[in-house]
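Breakdown of the fold
So you can see what is in the structure, the chains are spelled out below.
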Amino acid sequence: MARFQAIAVALVFSLYFILPFTSARSTTVTYCDKHSDYDVKVSGVKITPNPVRGGEPATFSIAASTDKPISGGKLVIDVYYFGVHVRSETHDICSETSCPILSGDFVVSHSQNLPGFTPPGNYRLRMRMEDDKNQELTCISFNFRIALGESDSVAES
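We now turn to the structure provided with this report. (Residues numbered from 1 in each chain as written. Predicted model: local features only at pLDDT ≥ 70, side-chain atom pairs only at ≥ 80, totals over all residues. Heavy atoms only, no water.)

Before going further, it helps to examine the sheet that holds strand β4 (residues 57-66). Ordered by their spatial adjacency, three strands build an open sheet running β2-β4-β7, and the pairing between neighbours is antiparallel. Edge positions in the open sheet fall to β2 (40-48) and β7 (104-113), since each of these has one partner strand only. When the angles between neighbouring strand axes are averaged without regard to direction, this sheet yields 20°. Bridge count between β2 and β4: eight bridges; the pairing is antiparallel. The residue of β4 that forms the bridge with V40 is T66. (Pairing = 2+ DSSP bridges. Helix = DSSP H or I, 4+ residues; strand = E, 2+ residues; numbered from the N terminus. Axes fitted to C-alpha atoms, helices over the stretch in contact; angles between N-to-C directions.)

So, on to the pairing of strand β8 (residues 121-131). In terms of strand pairing, strand β5 (residues 73-81) meets β8 through nine bridges, oriented antiparallel. Among the inter-strand pairings, Y80 is bridged to a residue of β8, identified as R124. Looking at chain direction, β8 and strand β9 (residues 136-147) are connected through 10 bridges and run antiparallel. Following the sheet pairing, N122 is matched in β9 by R145. Linking two consecutive strands that pair antiparallel, namely β8 and β9, is a turn of four residues; a positive phi of about 65° is found at N134 within it.

Moving on, we get to the packing of aromatic side chains. This model, assessed by the stated rule, comprises six aromatic pairs. When the centroid spacing of 5.4 Å and the interplanar angle of 20° are considered together, the rings of Y123 and F144 count as stacked. Remark: F144 occurs in strand β9 and Y123 occurs in strand β8; sequence separation between them is 21 residues. When sorted by exposure, Y123 lands in the same class as F144, which is buried. Within the aromatic cluster, the residues linked to one another by ring pairs are F60, Y81, F82, Y123, F142 and F144. (Phe/Tyr/Trp six-rings, centres within 6.5 Å; stacked < 30°, edge-to-face > 60°. Buried < 20%, exposed > 50% of the residue type's maximum accessible area, 1.4 Å probe, protein only.)

Take a look at the structure:
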């Protein structure tokens, strides 16, 4: 019995140290205005793949909730590369999630093929969600990384 307990303790101890390295990395989300009480609360961001690879599709899924129904609006996305603004885009919110958005949990999901020449490195994405009257519903930012894709590797000669 003592041997079984020792093995069980060793297994649990091993899993404690191994699992954090095998599970997906979580993305830290910050609100643009930490003192604002946004109508849309963001609970997390999932980036697939992580890190993003130039020349390959990437999906950003944002888990959120609201107490107020949303009939439409837009997402304004700004991307920064080493602190320098490099891209801005606006999307109809109903093309990124089902509308109308009812009270409760929902997911905004945006997929995009990045050009193969996208420079690798650290990026920051800032997303504002506005309703159909241009009222800000939320504003978040998070970091992500772009790594070299397989197509970017040097061919063997």
